[in-house]
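Spelled out from the first residue to the last, the chains are:
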Amino acid sequence: MLDIISLGEPLVEFCATRVGRLKDVFLFKRGWGGDTSNVLVTAARLGRTTGYITRVGDDEFGKCFLEMWRREGVDVSHVIIEKNGFTGVYFILLTEEGKHEFIYYRKNSAASHLSPSDIDPNYIKQSKIFHSSGISQAISESCREAVFKAAEIAKKAGVLFSYDPNVRLKLWPINVARNIINYTLELADIVMPSLEDAKLFTGLSSPSEIADIILKSGPSIVVIKLGSQGCLVATKREKTLVPSFPVDKVVDTTGAGDAFTGAFLAALLEGQNPKEAARFANAVAALKTLGRGAVASLPTRKRVEKFLSHFKSRNSFRQSLHDRRRA
Ligand code: KDG
């Protein structure tokens, strides 16, 4: 039995090594991306067992991905290598401090050919969480159907369905995105959108109102990711703003939301409550922003624990100063 299974598209990543327009950047750092792959690699680095349902091309990049997942401990038994297919690619342009823009080369990629017939019900039934995203639903109709099939299998088998709407308007128009996302929310148990995305599919702007409206459609846990502000964790009983951790210098926020998602799911599986899981996930997301690309700077558990203990000792030092002043 695996802890987390996901379905979606991996993308080979070329991250600009300096701020600037595509025509002015000559050096790119090769890495690994694709929101659902990022979630699995995060959770695997934190010690959870994970598996991927996807398709890669029978090209060099497909082989590299398989090597990377094996190295990270992600199960690849349900990764299909598509004959004459190609693995998608994206470029990350750094537009200003910590901000980015994505340029995709993915239309008709191997992963976009995923379809319901690629879903092995037993693989999903034997996991604890099935995770997918709006990007997986946007890349093609057949992949969208595959997500729905997998989510329905998960629901019937009592496997939690975790969903990140991850809106990419380069992949589908907002009216289609809105309909599909709002329908999917009704199937999901855990929903983790960024505030920016949630504004697009709800038409609302307050994180608290957004959380309420998503909770009404069915999920039991909603986390609105607020970037440098942390996140709002909402259940039917309470809503809590969980602050982020300050870091010295944000280099690249690509994949920080996926790092959050992978860490949040990993922490829930370890028995942490949603607020504790959100604090842990905020730490993982903060550490991810220290490096370029979606995967290279994902922390190991040891690194996260060291980071958290640093904050704990800083806070207890502050508390003792405060107590001494009051005494
Ligand atoms: O969240 C980061 C991802 O968006 C990135 O790795 C690429 O999956 C990607 C996409 O389609 O934008």
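Residues numbered from 1 in each chain as written. Predicted model: local features only at pLDDT ≥ 70, side-chain atom pairs only at ≥ 80, totals over all residues. Heavy atoms only, no water.

J.: Explain the overall build of the chain to me, using residue names and the numbers behind them.
T.: Broken down by element type, the chain carries 11 helices and 14 strands. For 327 residues, the compact-globule estimate of 2.2 N^0.38 gives 20 Å, and the chain sits close to it at 19 Å. Here the chain, with 327 residues, has 56% of them falling under the buried criterion. Residue pairs at least 24 apart in sequence account for 71% of intrachain contacts in the chain once pairs closer than 6 positions are excluded. Surface exposure of the chain reaches about 14,700 Å², of which carbon and sulfur atoms provide 53%. In the chain, which carries 45 positive and 35 negative side-chain charges, the distance between the mean positions of the two groups comes to 6 Å. (Helix = DSSP H or I, 4+ residues; strand = E, 2+ residues; numbered from the N terminus. Rg over C-alpha atoms; globule rule 2.2 N^0.38 Å. Buried < 20%, exposed > 50% of the residue type's maximum accessible area, 1.4 Å probe, protein only. Contact = heavy atoms within 4.5 Å. Areas by Shrake-Rupley, 256 points an atom, 1.4 Å probe, with all protein chains shown as cover. Lys, Arg positive; Asp, Glu negative; His and termini not counted. Charge placed at Lys NZ, Arg CZ, Asp CG, Glu CD.)

J.: So what's going on with helix α9 (residues 256-269)? Residues and values would help.
T.: In this model α9 runs 20 Å from its N-terminal to its C-terminal C-alpha over 14 residues, within 8% of the 20 Å that 1.5 Å per residue would give. For α9, the tally of buried residues reaches 12 of 14 residues, placing the bulk of the element in the interior. Where α9 ends, the next residue or the one after it, Gly 271, has phi of about 95°, a positive value. (Expected span 1.5 Å × (residues − 1).)

J.: Before we move on, could you go through the side chain of Ser 112 and cite the residues and values that matter?
T.: With respect to the helices and strands, the residue Ser 112 is situated in the loop between β8 (99-105) and α3 (121-125). In this structure the side chain of Ser 112 is engaged in a polar contact, spanning 2.7 Å, whose partner is the backbone oxygen of Ser 109. (Polar contact = N/O pair within 3.5 Å; in protein donor to acceptor, adjacent residues only side chain to side chain.)

J.: Which residues make up helix α8 (residues 207-217), and what values do they have?
T.: Residue pairs spaced three or four apart in an α-helix point in one direction, given the helix's 3.6 residues per turn. Within α8, the full set of buried residues consists of Ile 210, Ala 211, Ile 214 and Leu 215. Viewed along the axis of α8, the buried residues span an arc of 130°, placing them on a single side of the element. Those residues of α8 that are buried lie in contact with α6 (174-185), β11 (190-191), α7 (195-202), β12 (221-225), β13 (231-234) and β14 (239-242). A positive phi of about 140° marks Gly 218, the residue just after α8. (Arc of directions from axis to C-beta.)

J.: Describe the packing of aromatic side chains, and please don't skip the residues or the numbers.
T.: For the structure shown, the criterion picks out 17 aromatic pairs. Taken together, a centroid distance of 5.7 Å and an interplanar angle of 25° make the contact between Phe 130 and Phe 161 stacked. Of this pair, Phe 130 sits in strand β9 (residues 127-133) while Phe 161 sits in strand β10 (residues 160-164), and the two are 31 residues apart along the sequence. Classification of Phe 161 as buried rests on a relative accessible area of 0%. For the ring pair Phe 161 and Tyr 163, a centre distance of 6.0 Å and an interplane angle of 45° mean the geometry is tilted. Tyr 163 carries the same exposure label as Phe 161, and that label is buried. (Phe/Tyr/Trp six-rings, centres within 6.5 Å; stacked < 30°, edge-to-face > 60°.)

J.: An account of the pattern of salt bridges is needed here, citing residue identities and associated values.
T.: Considering all chains together, one arrives at 14 salt bridges under this definition. As a salt-bridge pair, Glu 305 and Arg 301 come within 3.8 Å of each other at their nearest N and O atoms. Remark: Arg 301 and Glu 305 occur in helix α11 (residues 301-326); sequence separation between them is four residues, near one turn of the helix. On the accessibility criterion, Arg 301 (22% relative accessible area) is partly exposed. Each of Asp 3, Arg 48, Lys 128, Glu 270, Arg 301 and Glu 305 takes part in a single network of salt bridges with overlapping partners. (Salt bridge = Lys/Arg side-chain N within 4 Å of Asp/Glu carboxyl O.)

J.: Before we move on, can you summarise the site of the ligand with the specific residues and values?
T.: Among the 13 residues in the neighbourhood of the ligand, the closest are listed as Asp 35, Tyr 104, Arg 106, Arg 168 and Asp 258. Interatomic distance of 3.1 Å between a side-chain N/O atom of Asn 38 and an oxygen atom of the ligand. Between the ligand and the protein, one listed contact pairs an oxygen atom with a side-chain N or O atom of Tyr 104 at 2.5 Å. Computed on the free molecule, the ligand has an accessible area of 320 Å², of which 97% lies beneath the protein chains in the complex. Here the ligand is seated within the largest pocket. Of all the elements in the fold, those that place two or more residues in the shell around the ligand are α1 (35-45) and β8. (Near = heavy atom within 4 Å. 1 Å grid on protein atoms, 1.4 Å probe; cavity = no way out; pocket = protein on both sides within 12 Å on 5 of 7 lines; lining within 4 Å. Sits in = over half its atoms within 2 Å of the grid points.)

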